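A closer look at the structure
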Amino acid sequence: MTDTADTTPVRIAFSPCPNDTFVFDAWAHGRVPGAPALDVTFADIDITNGIAERREDAYDVLKVSYAVLPYVLDDYALLPCGGALGRGCGPLVLTREAGVDLSGKRVAVPSETSTAYLLFRLWAADVVPGGGVGEIVVMPFHEIMPAVRDGKVDAGLVIHEARFTYQDYGLHKLADMGEHWEATTGLPIPLGAIIARRGLGAERLRGYADTIRRSVRAAWDEPEATRPYVMAHAQEMDPAVADQHIGLYVNEFTADLGEDGYAAVRGLLTRAAAEGLVPALAPDALAFP
């Protein structure tokens, strides 16, 4: 990254989840030679989705849901690395009792602009009689399992480390959105994307992508070096759960989306557009400069 403007810190917002802190640790702490400084803000995915949708100029790079891309790609470019996409890593629908019929039920979700919610809508269209649940309640994802346990909602759509901890709350897995997606499409599951403002220019965007790839590889080479940063922001998560989280969500697609990754993103957004859930993508909307 040789552009002299790159001496200005890159303003980025991503979640405090272990996969994101693992990916960006080396960059944030100066362990990627030649990379610009990183000015990090931690924010829940619902917050960053809103920042992107409002076209706020406070950040150069954002971690957002793939589901929000059809609304923002005029102003942001999808970076081909750094995000969360894989197999066996989909959101879960949890209930207090096994085998609940969700027709007309109250369901908590982490965001109505999240990929998790988009996958849930596609699943419900196929599986829930009439395709309709009742009231959708948006709440921070760490509040969802307690809300289901305590009967405040009938079911909860959960993400991330909840895959490993929901049984601690006495909850049952009603359905796995990822299993449904993979069974019906054969594609990996797109969850979180890294985007950057197009106005920064192609050279800088390519530099950011290169830096993210090098940051990921540095973390893979020395995973113990990332642990202080990961655990400092992991919301009192057990280190073993944090390791499971990283192992599931940081994979070959994090280093490069590749052909299968792009096919998964196009597949998700094309199917969602066909269901009327998001606007249709322009043919070249996902192209990287």
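Residues numbered from 1 in each chain as written. Predicted model: local features only at pLDDT ≥ 70, side-chain atom pairs only at ≥ 80, totals over all residues. Heavy atoms only, no water.

Here we come to the overall build of the protein. Helix and strand counts for the protein stand at 12 helices and 11 strands. Here the C-alpha radius of gyration of the protein, 19 Å, is about what a compact globule of 289 residues would show, namely 19 Å. Seen through its C-alpha atoms, the protein measures out along the principal axes to roughly 60 × 40 × 30 Å. With 289 residues in all, the protein has 53% of them scored as buried. Sequence separation of 24 or more characterises 80% of the internal contacts of the protein that already satisfy a separation of 6 or more. Of the roughly 11900 Å² of accessible surface on the protein, a fraction of 48% belongs to carbon and sulfur atoms. Distance between charge centroids for the protein: 2 Å, based on 24 positive and 40 negative side chains. (Helix = DSSP H or I, 4+ residues; strand = E, 2+ residues; numbered from the N terminus. Rg over C-alpha atoms; globule rule 2.2 N^0.38 Å. Buried < 20%, exposed > 50% of the residue type's maximum accessible area, 1.4 Å probe, protein only. Contact = heavy atoms within 4.5 Å. Areas by Shrake-Rupley, 256 points an atom, 1.4 Å probe, with all protein chains shown as cover. Lys, Arg positive; Asp, Glu negative; His and termini not counted. Charge placed at Lys NZ, Arg CZ, Asp CG, Glu CD.)

What follows is about the layout of surface pockets. Here the largest pocket is characterised by a volume of approximately 380 Å³. Surrounding the largest pocket, 31 residues form its lining, C17, I45, F141, I159 and H160 being those nearest its centre. Looking at the lining of the largest pocket, the elements with two or more residues in it are helix 1 (18–28), strand 3 (61–65), helix 4 (115–127), helix 5 (141–149) and strand 11 (189–197). For the lining of the largest pocket, the residue count by class is 16 nonpolar, 11 polar and 4 charged. Approximately 250 Å³ is the volume found for the second largest pocket. Every residue lining the second largest pocket is counted, 15 residues in all, and those nearest its centre are M145, E161, T165, Y169 and M237. Secondary-structure elements contributing two or more residues to the lining of the second largest pocket are helix 5 and helix 6 (162–165). Of the residues contributing to the lining of the second largest pocket, the split by class is 9 nonpolar, 3 polar and 3 charged. (1 Å grid on protein atoms, 1.4 Å probe; cavity = no way out; pocket = protein on both sides within 12 Å on 5 of 7 lines; lining within 4 Å. Points joined across faces, edges and corners; volume = space filled by probe spheres on them. Nonpolar A, V, L, I, M, F, W, Y, C, P; charged D, E, K, R; others polar.)

Turning our attention to unusual backbone geometry. A positive phi angle is found at R55, which is not glycine, with a value near 60°. With respect to the helices, strands and loops of the structure, R55 is situated in the loop between helix 2 (45–53) and strand 3. Looking at R55, the relative accessible area reads 32%, which means it is partly exposed.

As summarised here, the arrangement of the 5 strands in space is 8-7-9-6-10, forming an open sheet in which the pairing is mixed. Two strands bound the open sheet, and with one partner strand each, they are strand 8 (136–138) and strand 10 (172–176). The sheet shows a mean angle of 30° between the axes of neighbouring strands, direction not considered. The sheet contact formed by strand 7 (residues 107–109) and strand 9 (residues 155–158) spans 2 bridges and is parallel. Bridge pairing in strand 9 places V107 opposite A155. Contacts from helix 4 reach strand 6 (92–95), strand 7, strand 8, strand 9 and strand 10 within the one sheet, and its direction differs from that of strand 9 by about 125°. (Pairing = 2+ DSSP bridges. Axes fitted to C-alpha atoms, helices over the stretch in contact; angles between N-to-C directions.)

Moving on: the confidence of the model for the protein. Across the protein, the average pLDDT comes to 93, with 97% of residues at or above 70. Note on residues 1–5: pLDDT is under 50 here. Beyond four places in sequence and across chains, it has 11 contacts. (pLDDT = per-residue confidence, 0-100.)

Each aromatic ring pair is described using two quantities: the centre-to-centre distance and the angle formed by the ring planes. Evaluation of the coordinates by the stated rule reveals 7 aromatic pairs. With a centroid separation of 4.7 Å and 15° between ring planes, the pair formed by F14 and F24 is classed as stacked. Of this pair, F14 sits in strand 1 (residues 10–14) while F24 sits in helix 1, and the two are 10 residues apart along the sequence. For F14, a relative accessible area of 0% corresponds to the buried category. (Phe/Tyr/Trp six-rings, centres within 6.5 Å; stacked < 30°, edge-to-face > 60°.)

Counting residues in hydrophobic clusters, the biggest one holds 71 residues, and the most contacted among them are L62, Y66, L69, L102, F120 and W123. Sort the elements by how many residues they give to this core and helix 4 lands first, with 8 residues. F22, V23, L200 and Y229 belong to the second-largest nonpolar core, a separate cluster that totals 32 residues. (Core = buried A, V, L, I, M, F, W, Y, C linked by side-chain atoms within 4.5 Å.)

Okay, the side chain of S114 next. If you trace the backbone, S114 turns up in the loop between strand 7 and helix 4. One polar contact links the side chain of S114 to the main-chain carbonyl oxygen of S111, over a distance of 2.9 Å. Excluding anything up to four places from it in sequence, S114 contacts N49, S65 and A67. (Polar contact = N/O pair within 3.5 Å; in protein donor to acceptor, adjacent residues only side chain to side chain.)

A word on the environment of V64. Mapped onto the secondary structure, V64 falls in strand 3. On a C-alpha basis, the gap between V64 and L277 in space is 17 Å, while along the polypeptide they are 213 residues apart. Those residues in contact with V64 that lie beyond four places of it in its chain are I45, T48, N49, A52, L69, L191, G192, A193 and I195.

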